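# Overview (structure and organization)
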Amino acid sequence: MKHKITFAQSITHLFDDIKSPLLLKLKGGLFLLLAIMSGTLTVYDDNNWREIVFLVVCIWASCRFYYCLFYTIRSQQTALFIICEIG
C-alpha cells in the first residue's frame, strides 16, 4: 500500500527549521537589509531628532527583550534540564 502525504503534512514541511548555513545567512542578511531600509526611510521621511532617538531606543529595547526570551531563558532551561537529569 502506498503512503499518501496529506495536504497538512506537505504544508507543515514548509515550516521546518532551516538547517542550511547558507540559507540562515541569507535570511539574516535579508532581515538586516529590511532593517536598514526601513530605518533609512524613517529618518529620511522625518528629520525630527526626538522621534529618531525614540526609535533607536525602541529597537534597542526590542533586541534586548528578544535576547532575554530566546537566549537567557533557553540557557536557564537547559541548565535546569541537565540538573534534573543528574538527580
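Here the structure is a predicted model, which means the values were calculated and not measured.

### Some thoughts on the overall build of the protein chain
When helices and strands are counted, the protein chain shows three helices and zero strands. Ordered by position from N to C terminus, the α and β elements of the protein chain give α-α-α. Working note: accessible area of the protein chain is about 8,700 Å², and carbon and sulfur atoms make up 71% of it.

### Observations concerning the confidence of the model for the protein chain
Of the residues in the protein chain, 67% have a pLDDT of 70 or more, and the chain-wide mean is 75. Looking across the protein chain, the model is least confident in helix 1 (residues 7-14), with a mean pLDDT of 68, and most confident in helix 2 (residues 21-45), with 83.

Calculation criteria
- Residue positions are given per chain, counting from 1 as you read along its sequence in written order.
- Owing to the predicted nature of the model, reporting of local features is limited to residues with pLDDT of at least 70; listing and counting of side-chain atom pairs is limited to 80 or more, with chain, interface and lining totals taken over all residues.
- Hydrogens and water molecules were not included; the side-chain quantities draw on all heavy atoms of the structure.
- For the purposes of this entry, the term helix denotes a DSSP run of H or I that reaches at least four residues, the term strand denotes a run of E that reaches at least two, and both are numbered from the N terminus.
- Here the Shrake-Rupley method, with its probe set to 1.4 Å, supplies the accessible areas, and only the displayed protein chains count as covering residues.
- Values of pLDDT, which run from 0 to 100, indicate the predictor's confidence residue by residue.

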